[in-house]
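Listed here are the chains, written in short residue letters.
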Amino acid sequence: MVDLSVNFAGIKAPNPFWLASAPPTNSGYQIMKAFEAGWGGAVWKTLGVPVVNVSSRYGSVNYRNTRMMGFNNIELITDRPLADNLREIEEVKKYFPDHAVIASLMVQSKAEWHQIIKDVENAGADGIELNFGCPHGMCERGMGSAVGQEPAVLKTIVEWVMEAANIPVITKLTPNVSEIIDPGLAAYQGGSDAVSLINTIKSIVGIDLDTFAPYPVVDGKGTNGGYCGPAVKPIAMNMIKDLAQHPEISKIPISGIGGVETWRDVVEFILLGATSVQVCTAVMHYGFGIVREMEAGLRQFMEERNYHTIYDFAGKALPNVTEWKHLNLKHKVIAEINEDKCIGCELCYIACDDGAHQAISLSGEPGNRIPSIIEANCVGCNLCSLVCPVENCITMVKTDDGTEHLTWNERTLNDDVPVTFDDDRAGGKHHFVPKPTDALKYK
Amino acid sequence: MAEYKRPTSEAEFKKNFKQKKPLMNSTEAFYESSRCLFCYDAPCVQACPTSIDIPLFIKQIHTDNLTGSSKTIFDSNWLGNACGVVCPTGVLCEGACVYNHQDVPPIQIGRLQNYATNYSIDNNKKLFKPGLDNGKKIAIVGSGPAGISAACELRTLGYEVDIYEAKEKPSGLTVYGIAPYKITNEEVLKEIDYLKNQLGFNIIYNTPIDTTEEINQLESKYDAIFLGVGLGKTATLRLKGEDKLGVIGAVEFIEDLRNKRHKLSMPKNVVVIGGGNTAMDAASECARMGARKTVLAYRRSRESMGAYDFEYDLAISAGVDSLFNAIPVEIIGNVKVEGVKFAKTEVIDGKLVTITNNEFIVKCDMVIKATGQAKQGMFYDLISGLDLDSKTRIVVDKDTFQTTNPKYFAGGDAINGGAEVVNAAYDGKMAARGINQWLNKE
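Residues numbered from 1 in each chain as written. Chains lettered and ligands numbered in written order. Predicted model: local features only at pLDDT ≥ 70, side-chain atom pairs only at ≥ 80, totals over all residues. Heavy atoms only, no water.

Looking up chain B in an unreviewed UniProt entry gives the name Glutamate synthase (NADPH/NADH) small chain, with the organism given as Flaviramulus basaltis.

Taking an unreviewed UniProt entry as the reference, chain A is identified by name as dihydrouracil dehydrogenase (NAD(+)) belonging to Flaviramulus basaltis. Listed under Function (unreviewed entry) in UniProt, the entry text for chain A is "Involved in pyrimidine base degradation. Catalyzes physiologically the reduction of uracil to 5,6-dihydrouracil (DHU) by using NADH as a specific cosubstrate. It also catalyzes the reverse reaction and the reduction of thymine to 5,6-dihydrothymine (DHT)." As recorded by UniProt, the Sequence similarities (unreviewed entry) comment attached to chain A reads in full: "Belongs to the dihydropyrimidine dehydrogenase family." (UniProt positions renumbered as here; feature names shortened; annotations may be inferred.)

Put into structure tokens, the structure is as follows:
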């Protein structure tokens, strides 16, 4: 029997699907609707001194026929009075006592932090999330990512918070740093009960080609926004992995955020060590109902593998994420084209010939558009299998027998790596490369 | 059992002759264009007689560069808009689309093409300019797709171009001979105007060239002459009773229909004779005009019909009945046609044999002969040294489209005996280049 419930740093929720602090959590109305739809928790849109927003706030990156592959916003924290939000928190908790309601907070002085923590605790919040992430607007005023980018400042504020807080505290990190470990460690050392990441990435999603203004355009001008949506998921996963593999930071739970939309995304985040996920863009795109697919998929995944709780597989991918130098240089795969499935688009051919290693040839016979792999030239880069538009048509087949294992690290220790510019041990030494003038043969 | 009610108004006519390939809206074009895989050495391009860079123009639609997209199309095919609509795309570009190999619907290339070209035509985007005047003049006989295409190409090369057209409208069969559910006259003429406005060739209407004097005048006034004369009237079947009232050629019937539209009087029972695409069009048109019974009669089997499968299917779906292995032996009636007497046929040792003892009559009030058009043989006799092949087609060099009389070039139905608009458009363009090459060699 699958049990999706979580206990995240003491915050209990019926499942790990939480709404991130964002426009979908602006009001009690939205959060009650979300809980009805199946969400297990919600991080309230950041509370603080209410702001004034601009009109025209969101921008999008569409790819091919996919809308909002990437999404950005220049909206600030809540523009509603604190009292209204607190009253609604109380009301939501009354109707949904078992769901997680977490108050995202962003204020400036120690006194303000202490005051607002007391306020949200009194309202019945189950936890606090510190917004050290917003990379637009608020950071200009010394808050949001301005804090997240300065580990020392971040740690100090976490310490202020921990002095006052009686409920679990999550520190939300900005990805707009060169090394996520630095703020992550500062949060841990400041005493934070958990971390969540990533907040949005500084971005310009597009320029209007008529007015030359960046989207979203506000009266002919624009500013950088915070980027999120499916496009940022790979960045989020790498940063989650960095923290989950860290010997100290990994002692506190991680709430994963960034492009989560499907059950697969959820499972991947959990495999990398997250024990709750937070979602915004998918809800802004499809509404709260999107959680149905996540929950059904996660349950199915767990049932098929006999996992009782998400903790049974949390972090299971972490041992397999290593450094390049520990990868097996003896592992070989080469591409194989399934001729029955091939539709003859020849994208694999041109991708390989122009973009990779000239390891695919065309038949040369009229009417036969099925390319073939030149096994001797194939380095097993995967490119052809990635561009192939047909499901399971090009597969990468293992050709080594699995008995040999040798890494760069081991070769380095054995003094068996190329060291001079013309070293005989160069990896590409005996590899086929066409003559430059072969490029002109069709002219 | 007709599925269409007799159209009594323009609106009803339009309903019955609903466009087979309606113009896409921007949302449909956006999603459809997103599906193109941008194949290498794309099969669709190979399948296009004019080799339009299809993946490029589709990508340009998707990136909202409609002007650039239509430029890509017109660069290869001066009649890019007409071809997008009337081309048998199912057997050309769309038939070659790689998606077919995985039972995924192919990209709707024809409709995307029209989406782009329509944009430029409707917004009068100036894509082309005449070349620098080179002082030379070319005459073109016939303003069908071959002639128009040759004219456009010649103008870009700096030639002055006069087109002599026997009828009162340009475009040849595109206006007079294509089924109304494939393209409207308005759409055909719009494209010709668009090209004419940019490139400035002259069309002299109602001016058939049919005397030696006129030929001599052309030869003295012009540096080269392009023949885009197409085919003539429907050929005779040499059938007893063929002269009866109500026996009409398919080309003439379609021309009549395109002009009179819902006002065309349509008899109740029709027999259409023939197995080519024109027969399918004519039969389908009769059904859409509300004929109670339309019988499509072909002397051989369904499999040996020259018509494309999709054209046959279209006729059947319009309510047409078919009769195979039946050859007309006589058209019966007094003054007016009352029926067609058929004999059954059989193929024995590869030869079509008529079984004489088993004749039967199909009653009808109209017979449409879709058995091929006559060639312009009489006209060709006016030109000295013009070689024709055994099927009365003008013989041309396959690269330059020059005839055996070096001053003459030819293309379209006159050289291929009757093919698609796209073939004519290609011929005209290549012939223009042939003319340019020849005039610059001297």
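Caption draft 1: Spatial organisation of the overall build of chain B. Along the backbone of chain B there are 18 helices and 13 strands. Whereas a compact globule of 442 residues would reach a radius of gyration of roughly 22 Å, chain B reaches 23 Å, a difference of no more than 12%. Structurally, chain B occupies a C-alpha span of about 70 × 55 × 50 Å along its principal axes. Within chain B, the fraction of its 442 residues that count as buried is 54%. Restricting the contact set of chain B to residue pairs at least 6 apart, pairs at least 24 apart contribute 71%. (Helix = DSSP H or I, 4+ residues; strand = E, 2+ residues; numbered from the N terminus. Rg over C-alpha atoms; globule rule 2.2 N^0.38 Å. Buried < 20%, exposed > 50% of the residue type's maximum accessible area, 1.4 Å probe, protein only. Contact = heavy atoms within 4.5 Å.)

Caption draft 2: Molecular detail of the sheet that holds strand E10 (residues 337-348) of chain B. Residue and element names in this part refer to chain B. In spatial order, the strands read E9-E10-E11; together these three strands make up an open sheet with antiparallel pairing. Single-partner strands in this sheet number two, and they are strand E9 (326-333) and strand E11 (351-363). Recorded for the sheet is a direction-independent mean angle of 25 degrees between the axes of neighbouring strands. By the bridge criterion, nine bridges tie E10 to E11 in an arrangement that is antiparallel. Its bridge partner lying in E11, isoleucine 348 is registered against lysine 351. (Pairing = 2+ DSSP bridges. Axes fitted to C-alpha atoms, helices over the stretch in contact; angles between N-to-C directions.)

Caption draft 3: How the structure looks around the sheet that holds strand E3 (residues 202-204) of chain B. All names here are of chain B. Read across the open sheet, the five strands follow the order E3-E2-E1-E4-E13; overall the sheet is parallel. The outermost strands of the open sheet, each flanked by one partner alone, are E3 and strand E13 (408-410). Each adjacent strand pair in this sheet contributes to an overall mean axis angle of 25 degrees, direction not counted. Both strand E4 (residues 224-227) and E13 contribute to a ladder of three bridges, which runs parallel. Looking at the pairing, isoleucine 225 lines up with tyrosine 408 of E13. Sheet strands in contact with helix H9 (residues 145-156) are strand E1 (137-141), strand E2 (160-164), E3 and E4, and its direction is about 170 degrees off that of E2.

Caption draft 4: Examining the packing of aromatic side chains more closely. Applying the stated criterion across every chain yields a total of 22 aromatic pairs over all chains. Ring centres of tryptophan 113 of chain A and phenylalanine 132 of chain A lie 6.2 Å apart, and the angle between their planes is 75 degrees; on these two criteria the pair is classed as edge-to-face. Here tryptophan 113 of chain A, found in helix H3 (residues 110-123), pairs with phenylalanine 132 of chain A, found in the loop between strand E8 (127-131) and helix H4 (145-148); they are 19 residues apart in sequence, far enough to count as distant. On the accessibility criterion, tryptophan 113 of chain A (1% relative accessible area) is buried. The buried category is assigned to phenylalanine 132 of chain A, whose relative accessible area is 1%. Where phenylalanine 13 of chain B meets phenylalanine 17 of chain B, the ring centres are 4.4 Å apart and the plane angle is 25 degrees; that geometry is what we call stacked. (Phe/Tyr/Trp six-rings, centres within 6.5 Å; stacked < 30°, edge-to-face > 60°.)

Caption draft 5: Spatial organisation of the domain arrangement of chain A. Partitioning chain A into structural domains gives domain 1 (6-319) and domain 2 (324-442). Taking only C-alpha atoms into account, the centre of domain 1 of chain A sits 41 Å from that of domain 2 of chain A. (Domains from an automatic or database assignment.)

Caption draft 6: View of the UniProt feature "domain: Dihydroprymidine dehydrogenase" (unreviewed entry) in chain B. The feature "domain: Dihydroprymidine dehydrogenase" (unreviewed entry), as given by UniProt, occupies residues 15-123 of chain B in the numbering adopted here. Along residues 15-123 of chain B one finds 56% helix and 0% strand; the C-alpha atoms at either end are 27 Å apart.

Caption draft 7: Fine view of unusual backbone geometry. Residue isoleucine 198 of chain A is bonded to the preceding leucine 197 of chain A through a cis peptide linkage, with omega at 10 degrees. Residue position: isoleucine 198 of chain A is located in the loop between strand E10 (194-197) and strand E11 (201-203). With an omega of -10 degrees, the peptide bond between tyrosine 215 of chain A and proline 216 of chain A qualifies as cis. Examined against the element boundaries, proline 216 of chain A turns out to sit in the loop between E11 and strand E12 (225-228). Within the chain, arginine 64 of chain A stands out as a residue other than glycine whose phi angle is a positive 50 degrees. Position of arginine 64 of chain A among the secondary structure elements: in the loop between strand E5 (58-63) and strand E6 (66-73). We classify arginine 64 of chain A as partly exposed; its relative accessible area is 30%. Unlike most non-glycine residues, aspartate 349 of chain B shows phi in positive territory, near 50 degrees. Among the secondary structure elements, aspartate 349 of chain B is positioned in the loop between E10 and E11.

Caption draft 8: Region of the structure containing helix H11 (residues 347-355) of chain A. Buried within H11 of chain A we find Leu347, Cys348, Tyr349, Ala351 and Cys352 of chain A. For H11 of chain A, the elements touching its buried residues are strand E15 (333-337), strand E16 (360-361), helix H12 (383-387) and strand E18 (394-398) of chain A.

Caption draft 9: Structural view of the confidence of the model for chain B. Taken residue by residue, chain B gives an average pLDDT of 94. The fraction at 70 or more is 99%. The complex prediction reports pTM at 0.92, with the ipTM value standing at 0.90. (pLDDT = per-residue confidence, 0-100.)

Caption draft 10: Structural detail: the domain arrangement of chain B. Residue and element names in this part refer to chain B. Once the domains are mapped, chain B shows domain 1 (10-122), domain 2 (137-232 + 375-441) and domain 3 (247-369). With centres defined by C-alpha atoms, the gap from domain 1 to domain 3 works out at 32 Å. If you look at the interface, domain 1 gives eight residues, while domain 3 gives nine residues. The contact between domain 1 and domain 3 buries some 930 Å² in all, and 66% of this surface belongs to carbon and sulfur atoms. (Buried area = accessible area lost by both parts, 1.4 Å probe.)

Caption draft 11: Region of interest: empty space enclosed by the protein. Under the criterion given, the structure shown has six cavities of 30 Å³ or more. As a volume, the largest cavity reaches approximately 440 Å³. Ser21, Ala22, Asn73, Thr200 and Cys280 of chain A are the residues nearest the centre of the largest cavity, which is lined by 35 residues in total. Elements with a contribution of two residues or more to the lining of the largest cavity: strand E4 (41-47), E6, E12, strand E14 (274-279) and helix H9 (281-286) of chain A. In terms of residue count, the dominant contributor to the lining of the largest cavity is H9 of chain A (three residues). Of the residues that constitute the lining of the largest cavity, the class distribution is 19 nonpolar, 12 polar and four charged. In this structure, the second largest cavity encloses a volume near 130 Å³. Looking at the second largest cavity, it is lined by 16 residues, and the ones nearest its centre are Cys36, Cys39, Cys44, Cys97 and Ile107 of chain B. Those elements giving two or more residues to the lining of the second largest cavity turn out to be helix H3 (43-47) and helix H4 (54-62) of chain B. With three residues, the top contributor of residues to the lining of the second largest cavity is H4 of chain B. In terms of residue class, the lining of the second largest cavity is built from 16 nonpolar, no polar and no charged. (1 Å grid on protein atoms, 1.4 Å probe; cavity = no way out; pocket = protein on both sides within 12 Å on 5 of 7 lines; lining within 4 Å. Points joined across faces, edges and corners; volume = space filled by probe spheres on them. Nonpolar A, V, L, I, M, F, W, Y, C, P; charged D, E, K, R; others polar.)

Caption draft 12: Region of the structure containing the nonpolar core. Of all hydrophobic cores here, the largest spans 90 residues; its most connected members are Trp39 and Leu298 of chain A. It is helix H7 (residues 233-244) of chain A that provides the largest number of residues to this core, a total of six residues. Among residues more than four places away in sequence, those in contact with leucine 298 of chain A are Leu4, Pro16, Phe17, Trp263, Val266, Val267, Ile270, Ile310 and Phe313 of chain A. Ranked by size, the runner-up nonpolar core spans 67 residues in total, among them Cys87, Val161, Ile435 and Trp438 of chain B. (Core = buried A, V, L, I, M, F, W, Y, C linked by side-chain atoms within 4.5 Å.)

Caption draft 13: Structural view of the state of the cysteines. By the definition in use, this model includes zero disulfides over all chains. Looking at the unpaired cysteine 134 of chain A, the closest cysteine sulfur is the one in cysteine 139 of chain A, lying at 8.3 Å. We classify cysteine 134 of chain A as buried; its relative accessible area is 13%. Here cysteine 44 of chain B stays free of any disulfide, with the sulfur of cysteine 36 of chain B as its closest cysteine sulfur at 6.5 Å. Classification of cysteine 44 of chain B by relative accessible area gives buried; the value is 10%. (Disulfide = S-S within 2.5 Å.)

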